[in-house]
Amino acid sequence: MWVQGQNNAIDKYGFKVKGAEYEPNEALPRVAAIGKIIKAPEEYLDERGAVTSDYQDQLEKQWIEQLRAKYEVKINTDVLNELR
């Protein structure tokens, strides 16, 4: 599944967007767009992975905020300078 604006090749050949810029290259010399354009996912399972990923990202952001509020960040400049 692709969303318009997510992939230049799909925009040009699948959605037939005028002015979409895509030039085949050595890695992908041919492009084929097969399927149909739908306005919404046909089943909830089509979006389950994206929703799960977004939820995990949100939980991680909240966790990092909690850690930063609870613990002070200290940078050991001597060690940092050794790495440079």
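In this text the structure is predicted, and so the values were computed from the model without any measurement.

Looking now at the overall build of the chain. Scanning the chain for helices and strands turns up three helices and zero strands. The order of helices and strands in the chain, counted from the N terminus, is α-α-α. Taken over the C-alpha trace, the chain has a radius of gyration of 22 Å; the compact-globule value for 84 residues is 12 Å, which it surpasses by more than 25%. Over its C-alpha atoms, taken along the principal directions, the chain stretches across nearly 55 × 35 × 20 Å. Carbon and sulfur atoms make up 51% of the accessible area of the chain, which amounts to about 8,400 Å² in all. The distance from the centre of the 12 positive side-chain charges to the centre of the 15 negative ones in the chain is 4 Å.

A full pass over the atoms with the stated rule returns one aromatic pair. Measuring from ring centre to ring centre gives 6.3 Å for Y13 and Y22, while their planes differ by 85°; the resulting arrangement is edge-to-face. Residue classification places Y13 among the partly exposed residues on the basis of a relative accessible area of 32%. The class of Y22 is buried, set by a relative accessible area of 14%.

Within the secondary structure, D11 is located in helix α1 (residues 8-13). No salt bridge is formed by the buried D11, whose closest oppositely charged neighbour, K12, lies at an N-O distance of 11 Å. Here the side chain of D11 touches G5 through a polar contact of 2.9 Å, landing on its backbone nitrogen.

This next bit is on a nonpolar patch on the surface. On the surface, V73, I75, V79, L80 and L83 cluster together into a nonpolar patch covering about 510 Å² of accessible area. Checked against the element boundaries, L83 lands in helix α3 (residues 77-83).

Within the secondary structure, G14 sits in the loop between α1 and α2 (45-70). Counting along the chain gives 18 residues from G14 to A32, while the straight-line C-alpha distance between them is 8.2 Å. Leaving out residues up to four positions away in the same chain, G14 has contacts with A9, A33 and I37.

This paragraph deals with unusual backbone geometry. Residues other than glycine seldom take positive phi values, yet K16 does so here, at roughly 55°. Position of K16 among the secondary structure elements: in the loop between α1 and α2. Given a relative accessible area of 62%, K16 falls into the exposed group.

Thresholds, definitions, all that
- Residues numbered from 1 in each chain as written.
- Predicted model: local features only at pLDDT ≥ 70, side-chain atom pairs only at ≥ 80, totals over all residues.
- Heavy atoms only, no water.
- Helix = DSSP H or I, 4+ residues; strand = E, 2+ residues; numbered from the N terminus.
- Rg over C-alpha atoms; globule rule 2.2 N^0.38 Å.
- Areas by Shrake-Rupley, 256 points an atom, 1.4 Å probe, with all protein chains shown as cover.
- Lys, Arg positive; Asp, Glu negative; His and termini not counted.
- Charge placed at Lys NZ, Arg CZ, Asp CG, Glu CD.
- Phe/Tyr/Trp six-rings, centres within 6.5 Å; stacked < 30°, edge-to-face > 60°.
- Buried < 20%, exposed > 50% of the residue type's maximum accessible area, 1.4 Å probe, protein only.
- Salt bridge = Lys/Arg side-chain N within 4 Å of Asp/Glu carboxyl O.
- Polar contact = N/O pair within 3.5 Å; in protein donor to acceptor, adjacent residues only side chain to side chain.
- Patch = residues over 30% accessible without salt bridge, like charges linked within 9 Å, V, L, I, M, F, W, Y side chains within 5 Å.
- Contact = heavy atoms within 4.5 Å.

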